[in-house]
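# Tertiary structure, described
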Amino acid sequence: MGFLAPWFLAGLAAVGLPLWLHLLKRHRSTPTPFPSIRFFERRTQSSIKHRRLHYLLLFAARTALVVVLALAFANPFLRWQSGAGAGGRKLIVLAVDNSFSMRQGGRLERAKREALAVAARARPDDRVQALAFASRVQQVDAIQAIAPDDGASSYAELARALRSLAPAAGLPLEVHLFSDMQKTSLPASFADVRLPDGAALILHPVASGPLPNYAVESVTAPARVFEAGARVQATVAGYGAPAATERVSLVFNGKVQASKTVDVPANGRATVEFPAIEPPFGGNRGEVRIDSGDAFPEDDRFLFSIERSEPRRALFIHDARDPRSALYVETALDASPATAVKLDSLSVEQAGGISPDKYAFVVLSDVAALPAGFESAVARYVREGGSLLITLGPATAARGRVPILNEAVVPARYEAAESSDRWEGVRFFQAARVESRTARVEARLSDSTPLLMEQRVGEGRVLVFASTFDNISNDFPLHASFVPFIQQTAQDLAGVARQSPTLVVGSHLELGTGRRGAAVEVLGPSGERALSLEESTRAQTLRLDRAGFYDVRRPSGRQELVAVNPDRRESDFSPVPEETLALWRNTGQPAVGSASQAEAREERRSLGWYFLAAALALAAAESVLANRYLSVNREAP
Amino acid sequence: MLQRFLDPRVLAGISGLDLVAKTVVQGFISGLHRSPDFGFSQEFAEYRAYTQGDDLRHVDWNVFARTERCYLKRYRGETNTQLMVLLDASASMGYASQSVTKLDYARYLAASLCYLANQQRDVAGLIVFDDEVRDYVAPSSRHGQIFRLLHAIEKAESGSRTDFAKPFIHFQQFLKRHGLVAVISDFYEDPDKVIRTMQPLRFRGNEVILFHILDPREIAPGFREPALVVDLESRESLEVSPEYVRHEYRDKMDAHIAALRDGAMGAGMDYFLMNTGRPLDEGLREYLTVRQGRM
């Protein structure tokens with residue numbers, strides 16, 4: 001027991017007041033003349049003794065009133081133990097970390113055993129809720145049913161779930177966290193792990209201590225190769241590990257293509273390169289793995305996919321009087337063989353019987369009018385998923401409308417307007433102003449005129465460049481920025497990613513199944529269908545929950561192989577510092593110890609109101625007693 | 001109206017004891033006229049047939065003229081009752097819880113009795129005493145007797161303590177003729193002793209009336225808190241508690257009054273408790289009742 005305001009105990013000195021009233025003041029009676037005291041003789045003494053007995057009761061009531069009032073203001077409190085053995089009804093949350101790192105050394109099984117033990121100790125009136133969390137938090141009905149996940153654990157997600165759980169439960173939370181306490185699980189902002197008010201966090205670390213670990217951190221490989229000689233680069237990292245020499249192998253479709261040894265510095269990274277690889281034609285399941293092995297072999301392999309195919313072709317339609325644009329663009333594409341796009345340049349007149357369907361994308365370079373059959377073929381090609389690049393120059397402006405899109409065009413001339421962003425030094429002398437409300441503007445000139453716009457048409461998309469590539473309306477082709485612009489635009493339009501589409505667990509794969517009846521078929525790492533029939537036609541994205549290869553078959557017939565790897569943050573077993581954990585516990589309420597200390601958590605319960613109520617009762621008793629003993633006798637003689 | 005005039009507090013505002021007595025008595029008598037039960041001296045009583053030897057001066061000649069028979073007129077009021085007022089002027093009589101002290105009240109009562117007696121041509125006397133005889137006015141029916149009585153009553157002041165035994169030795173010397181004795185006192189004495197002291201007067205053929213004068217606060221002292229009471233006669237002091245006064249004191253006082261009343265009745269005396277908070281006419285009525293009995 002203690003006092004929150006002990007200085008009020010000085011009020012106990014007021015006990016002297018009733019003492020003075022009862023023992024000192026009453027001896028100073030004023031003499032009252034009376035005709036005769038013959039009836040107040042000896043028995044008067046006994047009467048006074050009798051009165052003193054009664055007054056002692058009044059004195060006791062008054063003294064107790066003063067004492068209780070002083071105690072009430074001093075606000076006494078009781079220390080009481082809460083936790084598993086004491087306290088009121090509460091919601092016990094058993095949060096089990098089932099992230100990728102919990103696969104190491106049976107950590108998940110240990111966490112589940114401890115969670116079951118805590119659940120067994122819960123009192124009958126407590127509610128128990130089990131949660132499994134990695135990058136997402138899921139409520140589970142049975143702790144034993146918690147399966148390992150390939151995602152990265154996120155304490156921020158757990159805290160967010162707890163904050164939403166607390167008001168709905170209406171009970172104080174006692175959160176038991178069963179995790180390997182990886183430092184990488186903490187978010188960048190500590191405020192994100194704030195616990196709900198009144199929540200007690202009890203930690204159950206299941207990791208025995210820091211664990212040295214080597215892992216293939218990343219792999220850099222082209223997504224598509226067109227000829228032999230491509231290069232694969234892998235980074236091997238050591239987390240809290242000493243320097244070591246590791247043997248690393250490159251595997252395609254289960255067959256080892258090459259092996260190398262690499263010296264990994266202590267707690268550092270090393271890069272290993274496999275040059276001049278020659279993957280088979282078609283989609284290949286690639287893998288870079290550490291052969292040596294360590295305490296956590298699950299992260300010793302890194303998956304990637306690589307496709308070997310012929311270069312893609314693009315159709316370039318230009319005005320017969322403008323051969324320069326095709327020259328500049330083709331030269332830019334040829335500057336890098338990795339672009340893997342070959343250009344077929346034709347004039348408008350030559351395009352009459354050409355079908356655009358076999359091309360990766362089509363470029364309409366400042367064309368005024370297209371052959372009717374060709375224009376409708378291009379429009380259909382775009383609607384069905386094709387890509388189109390349109391440049392606007394004097395010919396288009398004379399026509400007044402953008403081909404295919406039919407948007408209005410207004411010509412504009414400039415003294416020397418410059419583009420903004422990365423195209424510094426590029427000067428534009430002519431540009432077309434397109435009045436479009438649906439297009440997304442990617443780049444603007446310095447006067448805010450849209451320069452590069454993107455618009456989706458059906459399944460396909462159209463890029464509009466509001467000037468030309470002929471070095472007349474602008475000097476863009478003469479600048480160094482022209483080559484990467486053309487190469488990236490070509491790869492983007494052709495759907496050819498430069499890097500391997502390697503994703504991490506938890507990321508989303510864009511499916512883009514907007515067309516009615518067009519279904520995307522996705523086979524998961526185990527060969528099962530990742531989408532139901534309804535999802536295959538309606539889902540826009542797919543969350544990749546498991547590590548492995550996802551086989552995606554688009555409505556256009558194109559087949560992709562997507563490699564999904566666990567987040568490499570899970571490979572770092574550095575634990576969260578103890579100070580950080582203490583701070584985390586304090587976000588909910590005053591410090592709680594570890595699992596063993598938390599069983600005896602101390603809380604304070606104020607008794608001030610009880611003493612105040614007792615003071616009121618005593619005041620009432622004092623009034624009754626005083627009225628009974630000290631009231632004036634008013635009865636008539 | 002009568003109540004207002006006889007209220008002791010109203011009487012205290014009237015200067016001059018003769019005027020007080022006159023106010024009381026005349027107001028009281030005018031009130032009595034309404035009562036058929038009371039009549040007193042100088043009134044026609046009855047006719048009686050003449051017998052030989054009767055004084056012819058009492059023959060009603062008017063009746064004889066009408067009836068030719070001799071009848072004698074008999075009158076009341078031809079008695080010569082002697083009233084002796086014994087007024088206690090001890091220190092305890094000086095107590096007052098209001099504007100009128102017990103002694104003032106006793107003086108009004110004594111003056112009213114004397115005035116009433118004088119109106120009826122009775123012989124009246126006065127003895128003022130405490131533990132000694134302080135003043136004495138011999139009974140007389142002479143002209144001016146009432147003024148002597150009133151003067152003696154007016155100058156009576158509260159003295160020392162009461163002692164019935166000592167002055168009553170002298171009373172017996174003064175009271176040679178039997179009559180009516182009115183003792184006005186607060187009787188702070190043992191009731192047996194009071195009765196024993198008064199009994200010789202009764203044996204001599206006197207009618208004795210004890211007027212017990214008490215203040216309302218003496219009967220029920222309403223002490224709010226413990227008080228240190230000081231005896232007005234002995235100057236002794238005692239601390240008393242309110243609850244004692246409320247219960248035991250009341251019991252003892254009631255027992256004292258009852259003992260005095262019973263003792264007086266047993267000795268053939270009349271006893272009347274007079275509360276100084278109440279009108280005087282009750283005392284006068286008591287006197288006249290006894291006076292009627294003596295005619």
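This one's a predicted model, so the numbers in the text were calculated from it and none came from an experiment.

So, on to the overall build of chain A. On a plain count of helices and strands, chain A comes out with twelve helices and 32 strands. Sorting the 637 residues of chain A into buried and exposed places 49% on the buried side. Look at the contacts in chain A between residues 6 or more apart in sequence, and 72% of them connect residues 24 or more apart. About 30400 Å² of surface is accessible on chain A, with carbon and sulfur atoms providing 53% of the total.

Residues and elements named next belong to chain A. If you walk across this open sheet you meet the four strands as β26-β31-β30-β28, and the pairing is mixed. Of all strands in the sheet, those bounded by a partner on one side alone are β26 (502-504) and β28 (521-523). This sheet shows a mean twist of 30° between the axes of neighbouring strands, independent of strand direction. Across three bridges, β28 lies against strand β30 (residues 548-553) in antiparallel orientation. In the sheet register, E521 faces β30, and the bridge partner there is R553.

What follows covers the sheet that holds strand β13 (residues 255-264) of chain A. All names here are of chain A. Within the open sheet, the five strands sit side by side as β10-β16-β15-β12-β13. Their pairing is mixed. Strands at the two margins of the open sheet, each flanked by one partner only, are β10 (224-225) and β13. In the sheet, strand β12 (residues 244-252) pairs with strand β15 (residues 282-290) via five bridges, with the strands oriented antiparallel. Bridge pairing in β15 links S249 to R289.

Turning our eyes to something else, we now look at the pairing of strand β23 (residues 440-444) of chain A. Relative to strand β24 (residues 450-457) of chain A, β23(A) is paired through four bridges, and the arrangement is antiparallel. Bridge pairing in β24(A) places A:R444 opposite A:P450.

Next up on the list: empty space enclosed by the protein. Residue and element names in this part refer to chain A. Evaluation of the coordinates by the stated rule reveals four cavities of 30 Å³ or more. Quantified by volume, the largest cavity comes out at close to 70 Å³. Contributing to the lining of the largest cavity are F316, V329, L333, L343, F361, V363, L389, F469, I486, T489, A490 and L493. Sorting the residues of the lining of the largest cavity by element identifies α5 (324-334), β19 (361-365) and α8 (482-494) as the ones contributing at least two each. Among the elements that make up the lining of the largest cavity, the one with the highest residue count is α8 (four residues). Residues that form the lining of the largest cavity fall into these classes: eleven nonpolar, one polar and no charged.

Next up on the list: unusual backbone geometry. All names here are of chain A. Positive phi outside glycine occurs at D366, with the angle close to 50°. Counting through the fold element by element, D366 comes out in the loop between β19 and α6 (372-383). For D366, a relative accessible area of 9% gives the class buried. Its identity is not glycine, yet N471 carries a phi of approximately 65°, on the positive side. Inspection of the secondary structure assignment puts N471 in the loop between β25 (460-465) and α8.

Applying the stated criterion across every chain yields a total of 19 aromatic pairs over all chains. Look at A:F34 and B:Y95: their rings are 5.8 Å apart centre to centre, the planes differ by 55°, and that puts the pair in the tilted class. Pair noted here: A:F34 is in strand β2 (residues 31-34) and B:Y95 is in the loop between β3 (82-88) and α5 (102-119), and the two residues belong to different chains. Note on accessibility: A:F34 and B:Y95 belong to one class, buried. Taking the centre distance of 5.5 Å and the plane angle of 70° together, the rings of A:F469 and A:F482 count as edge-to-face. With A:F469 in the loop between β25 and α8 and A:F482 in helix α8, the pair connects residues that are 13 residues apart, well separated along the chain. As far as the burial class goes, A:F469 and A:F482 line up, both buried.

Residues and elements named next belong to chain A. Viewed as axis vectors pointing N to C, α5 and α8 meet at an angle of 80°, and their least axial separation amounts to 8 Å. For the element pair α5 / α8, the angle class is roughly perpendicular. In contact with Y328, V329, A332 and L333 of α5, α8 contributes F482, V483, I486, Q487 and A490. Partitioned by chemical class, the residues of the contact of α5 with α8 number eight nonpolar, one polar and no charged.

This brings us to the pattern of salt bridges. Residues and elements named next belong to chain A. Scanning the model with the defined rule gives 41 salt bridges over all chains in all. In this structure, R289 engages E287 in a salt bridge whose closest nitrogen and oxygen atoms are separated by 3.9 Å. Accessibility expressed as a relative area gives 30% for R289, which makes it partly exposed. Since its relative accessible area comes to 13%, E287 is described here as buried. Here D567 and R569 are joined by a salt bridge, their closest N and O atoms 2.8 Å apart. When its relative accessible area of 15% is taken as the criterion, D567 is described as buried. Within this structure, R247, E287, R289, D291 and R301 form a network of salt bridges that share partners.

All names here are of chain A. Here α5 has its buried residues at S325, A326, V329, A332 and L333. Looking straight down α5, one finds its buried side chains confined to an arc of 135°; they lie on one side. Where α5 is buried, its residues contact β17 (312-318), β18 (341-347), β19 and α8.

We now examine the packing of α5(B) against helix α6 (residues 145-154) of chain B. Residues and elements named next belong to chain B. Axis separation between α5 and α6 bottoms out at 10 Å; the angle between their running directions is 175°. Taken together, the axis directions place α5 and α6 in an arrangement best described as roughly antiparallel. Taking contact as the criterion, the partners of R107, A110, A111, C114, Y115 and N118 in α5 are, on α6, I146, L149, L150, I153 and E154. Here the contact of α5 with α6 is built from residues that sort into eight nonpolar, one polar and two charged.

With that settled, consider the environment of B:A110. All names here are of chain B. Secondary-structure assignment places A110 in helix α5. Each C-alpha atom of the pair A110 and I153 lies 7.4 Å from the other, and the pair is 43 residues apart in sequence. Every residue in contact with A110, bar those within four places of it in the chain, is listed here: V85, I153 and I184.

About the cut-offs
Residues numbered from 1 in each chain as written. Chains lettered and ligands numbered in written order. Predicted model: local features only at pLDDT ≥ 70, side-chain atom pairs only at ≥ 80, totals over all residues. Heavy atoms only, no water. Helix = DSSP H or I, 4+ residues; strand = E, 2+ residues; numbered from the N terminus. Buried < 20%, exposed > 50% of the residue type's maximum accessible area, 1.4 Å probe, protein only. Contact = heavy atoms within 4.5 Å. Areas by Shrake-Rupley, 256 points an atom, 1.4 Å probe, with all protein chains shown as cover. Pairing = 2+ DSSP bridges. Axes fitted to C-alpha atoms, helices over the stretch in contact; angles between N-to-C directions. 1 Å grid on protein atoms, 1.4 Å probe; cavity = no way out; pocket = protein on both sides within 12 Å on 5 of 7 lines; lining within 4 Å. Points joined across faces, edges and corners; volume = space filled by probe spheres on them. Nonpolar A, V, L, I, M, F, W, Y, C, P; charged D, E, K, R; others polar. Phe/Tyr/Trp six-rings, centres within 6.5 Å; stacked < 30°, edge-to-face > 60°. Parallel < 35°, antiparallel > 145°, perpendicular 65-115°, else oblique. Salt bridge = Lys/Arg side-chain N within 4 Å of Asp/Glu carboxyl O. Arc of directions from axis to C-beta.

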